[in-house]
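Listed below, chain by chain, are the residues.
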Amino acid sequence: MKQFKTEKYTDFTKAVNRKKMEKAITHVESKFGKEYSIIIGGERIRLDKKFHSYNPSQKGEVIGTFQKADEPTAERAMQVALKTFEAWRYTPAKTRAGYLFKMANIMRRRRFELNAWMVLEEGKNWLEADADTAEAIDFCDYYALEALRYDKGPKLYKYPGEINKQVYIPLGAGIVIPPWNFPLAILTGMTTAAFVSGNTVILKPSSDSPGIAAIFMEIVEEAKVPVGVVNFLTGPGAIAGDYLVRHPKTRFVAFTGSKPVGLRIVEQAGKTQPGQIWIKRVVAEMGGKDLIIVDSEADIDSAVAGVRTSAFGFQGQKCSACSRLILDDKIYDQFMKKFIPTVEAITVGPTKDNSNYMGPVINESAYNSILEYIKIGKSEGTCVSGGEPAPGDGWFIRPTVITDIASKHRIFQEEIFGPVLGVTRARDFEHAIQLANDSEYGLTGAVYTKNKKKIEKAKREVFVGNLYINRKCTGALVGIQPFGGFNMSGTDSKAGGPDYLMLFTQAKAIAEYIGSRKTSKKTPRRAAKRKRRK
Ligand code: NAD
């Protein structure tokens, strides 16, 4: 069987790769303004009501026009997903996995184009966009291999006179609701996990990233995934989302996004509707208020680099981004003296230009909300870097560092989802861990220390779903660091891990009474072999 290996990142120091990327950006720009359809059962649907996707680096520049789904269209998608499920559920795992391997290969071939979409539609810098595509490829390969593993079933003990096995069967028709911030990777991961397990899907992408989602659908179609297995429904979260989440025939909802929307989905899905005969399965991965502890015995240079990347990579718009920096009092000054110049050196501007490390935040409402949080931060603590918009025609904000933050402050507790880092002093390591755990979230955290005892203590006591020691707290790898958080960070689904497909399946145990018949096909052959040896 194929071995899983994570996809290598593109080396943009090579001129050949830079050229390919520039060409891909021009190609995607040439498609700006195109209109995209809803796709249900392979049928392209246009509606009267539409919305646009915009380039956040250039206010008002339309990337594409998309259909605003209404309830009748959502119902149509559900009926097709239900009908398609009847055949798809029995399609062999090998066939289903084959589609994912094909999709991975198509993504490899279209890699620069996919990257370019995310540079232009979400303002990712080249490396961040490339990592997103690489992760999407990894999800396809990994979940394909996982589907084959699940198909074999778990090992059970033998019982005389019976053949016992446990099989994982699909759930039904479900809704996949991804966020805009990993617009290809998370969307691909949730959608492929759901359909490779034998379910059918209504995919409702974020209205901030429908363009890259439409390209994902092109790939689904290019891989010849049977029509109706993945149905593409663009539109407002509230109408399509609520309608479908409440729908009595919805069997599961896979959601990744903010805490308020996630909790609403959990609540809506928890209300049994007339005619509903199951408990809806909800996978809800939500926000974070992620931390890095830099201990008195840390390698300061490495911590400076790790915090910078974790806090400001993709403008801090990662659920795993470091937004709480907890510094041991003893190294506070030493750390900050080195750290602030590296923050000041960050370039901000349109990411089409690869020399910009940080691009825009996603849209006007995020821009306003982040600036509002910066105002709050200035009133709660001291702004020592950034704290203002950056020049340009996009939603640009300078990387911002606010010190003197206490755990009761809003900057310490609330997810901002932008380039804002709150810094807090800890008296010692014990205090640092107390601060780390003083949160309703529990997604990622990193601890920088050379002290082995402290490392062990952190492993035991820091309450996060993904803990990193002496490295950044972002960039989990598929199959290597399964991802998901505790408490209000969600259902700890561990995407990209060996338990993930279980969330999209239900286990059926089958005991077949065979009496005194041989219990295994291998037995007669083994007996014959033994006889020959004698
Ligand atoms: P969001 O909650 O605003 O939207 C997420 C998705 O939900 C979008 O597709 C949106 O259209 C849809 N939606 C909105 N209202 C809905 C409703 N009433 N019913 C159903 N669907 C609805 O989040 P976002 O701004 O797209 O993403 C950022 C958030 O996602 C942050 O909070 C971030 O921490 C979180 N996130 C978490 C993870 C994780 O793995 N834990 C990963 C990435 C992002």
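Residues numbered from 1 in each chain as written. Predicted model: local features only at pLDDT ≥ 70, side-chain atom pairs only at ≥ 80, totals over all residues. Heavy atoms only, no water.

### A word on the site of the ligand
- As a structural note, the neighbourhood of the ligand is formed by 29 residues, with Pro 178, Trp 180, Ser 258, Met 286 and Glu 415 the closest of them.
- A distance of 3.2 Å separates a nitrogen atom of the ligand from a polar side-chain atom of Asp 242.
- The backbone of Gly 257 places a nitrogen or oxygen atom 3.3 Å from an oxygen atom of the ligand.
- For the ligand, whose accessible area on its own is 850 Å², the fraction buried by protein is 88%.
- Listed by contribution, the elements that provide at least two residues to the shell around the ligand are α8 (237-246), β10 (252-256) and α9 (259-270).
- Element by element, the count of residues in the shell around the ligand is highest for α8, at four residues.
- Residue classes in the shell around the ligand are distributed as 15 nonpolar, nine polar and five charged. (Near = heavy atom within 4 Å. Polar contact = N/O pair within 3.5 Å; in protein donor to acceptor, adjacent residues only side chain to side chain. Areas by Shrake-Rupley, 256 points an atom, 1.4 Å probe, with all protein chains shown as cover. Helix = DSSP H or I, 4+ residues; strand = E, 2+ residues; numbered from the N terminus. Nonpolar A, V, L, I, M, F, W, Y, C, P; charged D, E, K, R; others polar.)

### Comments concerning the nonpolar core
- In this structure, Met 103, Met 107, Tyr 143 and Phe 195 are the most contacted members of the largest nonpolar core, which totals 74 residues.
- When sequence neighbours within four positions are dropped, the list of residues in contact with Phe 195 reads Trp 88, Arg 96, Leu 100, Met 103, Val 201, Val 225, Val 229 and Val 230.
- Within the second largest apolar cluster, 35 residues are counted, among which are Ile 292, Val 304, Val 307 and Ala 476. (Core = buried A, V, L, I, M, F, W, Y, C linked by side-chain atoms within 4.5 Å. Buried < 20%, exposed > 50% of the residue type's maximum accessible area, 1.4 Å probe, protein only. Contact = heavy atoms within 4.5 Å.)

### What to know about the pattern of salt bridges
- A full pass over the atoms with the stated rule returns 33 salt bridges.
- Here Arg 44 ties to Glu 221 by a salt bridge, and the two come within 2.6 Å at their closest N and O atoms. Highlighted residues: Arg 44 in strand β3 (residues 43-45) and Glu 221 in helix α7 (residues 210-222), separated in sequence by 177 residues.
- According to the relative accessible area criterion, Glu 221 is partly exposed, its value standing at 31%.
- Residue Glu 222 pairs with Arg 109 through a salt bridge whose shortest N-O separation is 2.2 Å. Remark: Arg 109 occurs in helix α3 (residues 93-109) and Glu 222 occurs in helix α7; sequence separation between them is 113 residues.
- Overall, the relative accessible area of 55% leaves Arg 109 in the exposed class.
- Among the charged side chains, a network of salt bridges with common partners joins Glu 7, Arg 108, Arg 111, Asp 130 and Asp 141. (Salt bridge = Lys/Arg side-chain N within 4 Å of Asp/Glu carboxyl O.)

### Re the pairing of strand β18 (residues 444-448)
- Buried residues dominate β18, accounting for five of its five residues.
- Across the two faces of β18 the burial is the same, with Thr 444, Ala 446 and Tyr 448 and Gly 445 and Val 447 all buried.
- Judged from the four bridges that link them, strand β12 (residues 290-294) and β18 form a sheet pairing that is parallel. Across the sheet, the residue bridging to Val 294 is Tyr 448, located in β18.
- Summarising the sheet, β18 and strand β19 (residues 466-469) pair through four bridges and their orientation is parallel. Along β19, the bridge assignment pairs Gly 445 with Leu 467. (Pairing = 2+ DSSP bridges.)

### With respect to the packing of aromatic side chains
- According to the stated counting rule, one finds 18 aromatic pairs in the structure shown.
- Aromatic side chains Phe 252 and Phe 504 sit 5.7 Å apart centroid to centroid with 90° between the ring planes, which places their arrangement in the edge-to-face category. Here Phe 504 lies in the loop between β20 (486-487) and β21 (505-513) and Phe 252 lies in strand β10, a separation of 252 residues in the sequence. Just as Phe 252 is buried, Phe 504 falls in that class too.
- What links up through ring pairs into an aromatic cluster is the set Phe 4, Phe 139, Tyr 142, Tyr 143, Phe 252, Tyr 500 and Phe 504. (Phe/Tyr/Trp six-rings, centres within 6.5 Å; stacked < 30°, edge-to-face > 60°.)

### Section: the domain arrangement of the protein
- Along its sequence, the protein is carved into domain 1 (37-286 + 499-510) and domain 2 (290-479).
- A C-alpha centroid distance of 31 Å is found between domain 1 and domain 2.
- At the junction of the two partners, domain 1 supplies 23 residues and domain 2 supplies 28 residues.
- Contact between domain 1 and domain 2 buries roughly 2300 Å² in total, counting both sides, with carbon and sulfur atoms accounting for 60%.
- Taken together, the links from domain 1 to domain 2 amount to two salt bridges.
- Put simply, Lys 318 and Glu 128 hold a salt bridge, and the shortest N to O gap is 3.0 Å.
- Taken together, the connections running from domain 1 to domain 2 amount to 14 residue pairs in polar contact (both at pLDDT 80 or more).
- When residues in the side of domain 1 that touches domain 2 are grouped by element, the largest group, six residues, is from helix α5 (residues 126-152).
- Residue composition of the side of domain 1 that touches domain 2, by class: nine nonpolar, five polar and nine charged. (Domains from an automatic or database assignment. Buried area = accessible area lost by both parts, 1.4 Å probe.)

### Considerations on α3
- With 17 residues, α3 should cover 24 Å at 1.5 Å per step; its first-to-last C-alpha distance of 25 Å lies within 8% of that length.
- Within the sequence span of α3, burial applies to Ala 93, Arg 96, Ala 97, Tyr 99, Leu 100, Phe 101, Met 103, Ala 104, Ile 106 and Met 107. (Expected span 1.5 Å × (residues − 1).)

### Considerations on the sheet that holds strand β4 (residues 50-54)
- The strand order β1-β5-β4 describes an open sheet built from three strands, whose pairing is mixed. Of all the strands in the sheet, just β1 (34-35) and β4 have a single pairing partner and so form its edges.

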